[in-house]
2 protein chains.
Amino acid sequence: MNHVRKNLLFNSPTKLQSGKILDSFDIAYETYGNLNSAKDNAILICHGLTSDAHVAGEGDVTGSRKGWWEAAVGPDKPFDTNKYFVICSNVLGGCGGSTGPSSIDVVGNAPYGLKFPVVTISDMVNAQARLADRLGIDTFHTVVGGCFGGFQVLDWMIGYPARIRNAIVISATPRTTTHNLGLWEVIRQAIMRDPDFNGGDYYGRKLPASGMGLAQMFGIMIWMDRKVMHDRFGLKLINDREPSYTLEPEFQFQAFVHNIGKNAVGRFDPNSLIYLTKAMDYFDLTRGGTSLSETFKNVACRTLLIGYRKDWRYPPEEMAEISEALSANRKPNELRTLDSHFGHGAFMYDSEGALEIIREFMLSAE
Amino acid sequence: MNHVRKNLLFNSPTKLQSGKILDSFDIAYETYGNLNSAKDNAILICHGLTSDAHVAGEGDVTGSRKGWWEAAVGPDKPFDTNKYFVICSNVLGGCGGSTGPSSIDVVGNAPYGLKFPVVTISDMVNAQARLADRLGIDTFHTVVGGCFGGFQVLDWMIGYPARIRNAIVISATPRTTTHNLGLWEVIRQAIMRDPDFNGGDYYGRKLPASGMGLAQMFGIMIWMDRKVMHDRFGLKLINDREPSYTLEPEFQFQAFVHNIGKNAVGRFDPNSLIYLTKAMDYFDLTRGGTSLSETFKNVACRTLLIGYRKDWRYPPEEMAEISEALSANRKPNELRTLDSHFGHGAFMYDSEGALEIIREFMLSAE
């Protein structure tokens, strides 16, 4: 498949949702397949919190790393690159090539760090729209994403109703939840309380490895399914030995959790994690008491909504709210609720069910 | 009610489950009501993870702090101090007056810190049995506790079957779970990664306030019910103002989580939290493949088991396992499963249902 990786510079000042101005920014993106002459076969895939533009295919900048949604993108796959031109761009604020806190601020000739402005989901979507402009894509055939990516799809539906014909929203809710507000704050605090964090100015110095590892160890306790933990590790002691009654980790699962913490370091910029989770905090389609059906009144696309029964962080009941509000506006939509013990994240790790539904939806959308 | 607070020194060497020897230890305890002449009206209450001997009544060492289970203990209350002599002792390894890592190690004339030996639930129960010996109590009328306290009750049932006539186990499971193994490890890491932790040697210096706060902030995300969070805080901004789009906490729930973190500091010894969670890690009544019904074969008491449907950390299905194993041995037992959105911890924070059942059980046990 025709797989291209590029960067584009947007060099005119951009007003962010906060009111702050970003003088210029880069967007890194990958494309798969070919844009047709009518330029109406483009699909935009919005990535999840710690993913990036490398959705499929070998050969990203790091070498042979696999894409994060290989099963979805390629010839004869649900997003069929024989027919469609698939784009995935790294979000504004990320660390996968687009401008974010680790990028050089031309003003100080040093990385932004915490001087980077707070960005929102809408700011990210606006940057994607600028990318589409530059590529000559007026209207996307489909915009798709899960969780953090799903928030972006919802923002597209509302912010650019004329530029999206089909939307696929997976494991996302119409607003953040109280629990997630707390979770992200604790994740950020774990990073920021590490003395090596140094107020976000750690580039070229020692990374805040301890705090970043702790954030990830904490994260795994929230997003790994308890049954998966139990089935895989149980209460097995390390090396199956007798307890040593020391303060060291004694159990295989504890060693795994430590490993997760170690592996987190160097793979994702800690400042980007702070900014992207902040963006999720602000996501609320009903802020100020607007009803969801009011919010959706100008939506013009067909919408497929996919949720998972065991996703307690982005529960299917809240996806049902989206479906109801769309239906109240007579907007065509389909809500599918699946079973997977992976719960949240199932669309990536246990994707078969979701991909079959997406394939049908895409065929019916041709 | 007759309320007494005392300390007793046990000055003969004690072999711990780890094989290590503890030369001497103190046990701090409180008593309520009067021991009768037959010495057969004593109730032992085993406290939860971060509680202590002060189960009820004003006038603990700190002054006017309320007891942690006021509704349960007192004249005409379910543990009726007109009839019973109620004892609650601080666990070995704790920081409420019993010997633990913050106690002075006579060898070095300094606090033990991480030189304190790892202790298990059985070690704690053995210390309680020594206390009973000293008080001349051969057999407890009832031993009761929830969660960490419930683990102690289970250990009493198995370790001292002849010394306990009635057992009340609340929100406890026959063994720790994979999820809890991970949770406690992350809690410990949050504390131990704080540079002020200083290898556990922070007494008389700066407390590891940042790590202890982080541990508690993480904890609240696991043990506070999501519906309670949502109903109480929703997505309300601090001071109901507009978002400020800064990296500071913006939402009332985030301020609450920070507050929880701040309040954690100075209230509980960080080293004790490390040791007591370690003890929970080792709790497993089926280690080495012993069946639970084999484990319970010598149990000689009546048992009341109380679980909560929404307790996902110590789920009622696992309490049911205890009931089944007791029944397989024809041991009288009663399993009651209650509803409370508090889930775990409901026996303290939403105690009405549990206390009514306990009252009935105590009346039938007279």
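Owing to the predicted nature of the structure, the values given are computational and were not obtained by experimental measurement. (Residues numbered from 1 in each chain as written. Chains lettered and ligands numbered in written order. Predicted model: local features only at pLDDT ≥ 70, side-chain atom pairs only at ≥ 80, totals over all residues.)

Enquirer: When you look at the overall build of chain A in this model, what are you seeing that I'm missing?
Expert: When its secondary structure is counted, chain A shows 11 helices and 14 strands. A compact globule built from 366 residues would reach a C-alpha radius of gyration of about 21 Å, and chain A, at 21 Å, matches this within 12%. In chain A, which comprises 366 residues, the share counted as buried stands at 51%. Excluding contacts between residues fewer than 6 apart, the proportion of contacts in chain A whose partners are at least 24 apart in sequence is 69%. (Helix = DSSP H or I, 4+ residues; strand = E, 2+ residues; numbered from the N terminus. Rg over C-alpha atoms; globule rule 2.2 N^0.38 Å. Buried ≥ 20, exposed ≤ 12 C-beta atoms within 10 Å, placed from the backbone. Contact = placed C-beta atoms within 7 Å.)

Enquirer: Help me understand the pairing of strand β13 (residues 302-308) of chain B, please; the structure alone is not making it clear to me.
Expert: Residue and element names in this part refer to chain B. Within β13, six of the seven residues are buried, leaving the element largely enclosed by the surrounding structure. In this sheet, β13 lies alongside strand β12 (residues 164-170) in parallel orientation, the contact comprising five bridges. Bridge pairing in β13 links I168 to L304. Two elements, β13 and strand β14 (residues 333-338), share six bridges in a ladder whose sense is parallel. Paired with T303 across the two strands is N333, which belongs to β14. Between the parallel pair β13 and β14, the chain is carried across by helix α9 (residues 316-328), and the sense of this crossover is right-handed. (Pairing = 2+ DSSP bridges. Right-handed = clockwise from strand over helix to strand, strands pointing away.)

Enquirer: Looking at this model, I keep getting lost on the environment of A172 of chain B. Mind explaining?
Expert: Residues and elements named next belong to chain B. Structurally, the position occupied by A172 is in the loop between β12 and α3 (178-192). Put simply, A172 and G136 are 36 residues apart on the chain and 29 Å apart in space, counted from C-alpha to C-alpha. Sequence-distant contacts of A172, that is, excluding residues within four places in its chain, are made with G146, C147, G150, F151, L154 and Y314.

Enquirer: Any chance you could explain the environment of F148 of chain B here in plain terms?
Expert: Residues and elements named next belong to chain B. Here F148 lies in helix α2 (residues 148-159). C-beta crowding within 10 Å serves as the criterion here: with 23 such atoms nearby, F148 is assigned to the buried category. For the pair F148 and P161, spaced 13 residues apart in sequence, the C-alpha separation works out to 19 Å. Residues contacting F148, with those up to four places away along its chain left out, are G48, L49, L276 and M280.

Enquirer: Would you explain the relation of the copies chain B and chain A in this entry?
Expert: These two copies of the chain differ by a rotation about an axis and a displacement along the same axis. Superposing chain B onto chain A takes a rotation of 180° plus a shift of 0.0 Å along the axis, which leaves an RMSD of 0.0 Å. Taken together, the rotation and translation describe the operation of a two-fold axis. Most of the interface of chain B is mirrored in chain A, where 100% of its interface residues again form contacts. (Least-squares fit on C-alpha atoms with pLDDT ≥ 70 in both.)

Enquirer: Could you clarify how one ought to interpret the pairing of strand β4 (residues 25-32) of chain B in this entry?
Expert: Regular strands have side chains that alternate between both faces of the sheet. All names here are of chain B. Among the eight residues in β4, seven count as buried, and that is most of the element. In this structure, β4 lies alongside strand β8 (residues 85-89), joined through four bridges in antiparallel fashion. In the sheet register, E30 faces β8, and the bridge partner there is C88.

Enquirer: Teacher, can you tell me more about the domain arrangement of chain A here?
Expert: Residue and element names in this part refer to chain A. What the domain assignment reports for chain A is domain 1 (3-175 + 285-364) and domain 2 (180-278). When each unit is reduced to the centre of its C-alpha atoms, the spacing between domain 1 and domain 2 is 27 Å. Each partner contributes to the interface: domain 1 provides 21 residues, whereas domain 2 provides 16 residues. (Domains from an automatic or database assignment.)

Enquirer: Which parts of the structure should I look at to understand the interface of chain B and chain A?
Expert: How big an interface is tends to be stated in terms of the accessible area lost upon association of its parts. Every contact between the two is made by 43 residues of chain B and, on the other side, 43 residues of chain A. Elements with a contribution of two residues or more to the side of chain B that touches chain A: α3, α4 (209-223), α5 (226-233), α6 (252-264) and α7 (270-281) of chain B. Among the elements that make up the side of chain B that touches chain A, the one with the highest residue count is α3 of chain B (nine residues). Partitioning the side of chain B that touches chain A into residue classes produces 23 nonpolar, 12 polar and eight charged. (Nonpolar A, V, L, I, M, F, W, Y, C, P; charged D, E, K, R; others polar.)

Enquirer: Teacher, can you tell me more about the sheet that holds strand β1 (residues 3-10) of chain B here?
Expert: Each strand in a sheet pairs with its neighbour through backbone hydrogen bonds, running either in the same direction (parallel) or in the opposite one (antiparallel). Residues and elements named next belong to chain B. A sheet is described by the order of its strands in space; here eight strands give the open sequence β1-β4-β8-β5-β11-β12-β13-β14, paired in mixed fashion. Each of the sheet's edge strands pairs with one partner strand only, and the pair in question is β1 and β14. When strand polarity is set aside, the average angle formed by the axes of neighbouring strands in this sheet is 20°. Across the sheet, helix α1 (residues 121-134) is in contact with β1, β4, β5 (42-46), β8 and β11 (140-146); its angle to β4 comes to roughly 65°. (Axes fitted to C-alpha atoms, helices over the stretch in contact; angles between N-to-C directions.)

Enquirer: How should the sheet that holds strand β12 (residues 164-170) of chain A be read in this particular structure?
Expert: All names here are of chain A. Pairing is mixed across the open sheet formed by eight strands, whose spatial order is β1-β4-β8-β5-β11-β12-β13-β14. The two strands at the open ends of the sheet, each matched to only one other strand, are β1 (3-10) and β14 (333-338). Across the sheet, the mean angle separating the axes of adjacent strands is 20° when strand polarity is ignored. Along the sheet face, helix α2 (residues 148-159) touches β5 (42-46), β11 (140-146), β12 and β13 (302-308) and points at about 150° away from the line of β12.

Enquirer: Explain unusual backbone geometry here, please?
Expert: For residues other than glycine, phi is negative in most cases, and the peptide bonds are mostly trans. Unlike most non-glycine residues, D76 of chain A shows phi in positive territory, near 65°. Tracing the chain through its elements places D76 of chain A in the loop between β6 (73-74) and β7 (79-80). Within the chain, Y245 of chain B stands out as a residue other than glycine whose phi angle is a positive 50°. Examined against the element boundaries, Y245 of chain B turns out to sit in the loop between α5 and α6.

Enquirer: Would you explain the confidence of the model for chain A in this entry?
Expert: Detailed reading of predicted coordinates is not advised where the pLDDT is low. Chain-level statistics for chain A give a pLDDT mean of 93 and a share of 98% at 70 or above. Interface confidence for the predicted complex, given as ipTM, is 0.92, next to a pTM of 0.93. (pLDDT = per-residue confidence, 0-100.)

Enquirer: Would you take a moment to explain helix α6 (residues 252-264) of chain A for this structure?
Expert: Given 3.6 residues per helical turn, the α-helix brings residues three or four places apart onto the same face. Spanning 13 residues, α6 of chain A covers 18 Å between terminal C-alpha atoms, matching the ideal 18 Å at 1.5 Å per step. Considered for burial, the residues of α6 of chain A that qualify are F253, Q254, F256, V257, G261 and A264 of chain A. Projected down its long axis, α6 of chain A carries its buried residues within an arc of 160°, all on one side. Residues of α6 of chain A that are buried in the fold lie against α4 (209-223) and α5 (226-233) of chain A together with α3 of chain B. Trailing α6 of chain A by a residue or two, G266 of chain A shows a phi angle of about 90°, which is positive. (Expected span 1.5 Å × (residues − 1). Arc of directions from axis to C-beta.)

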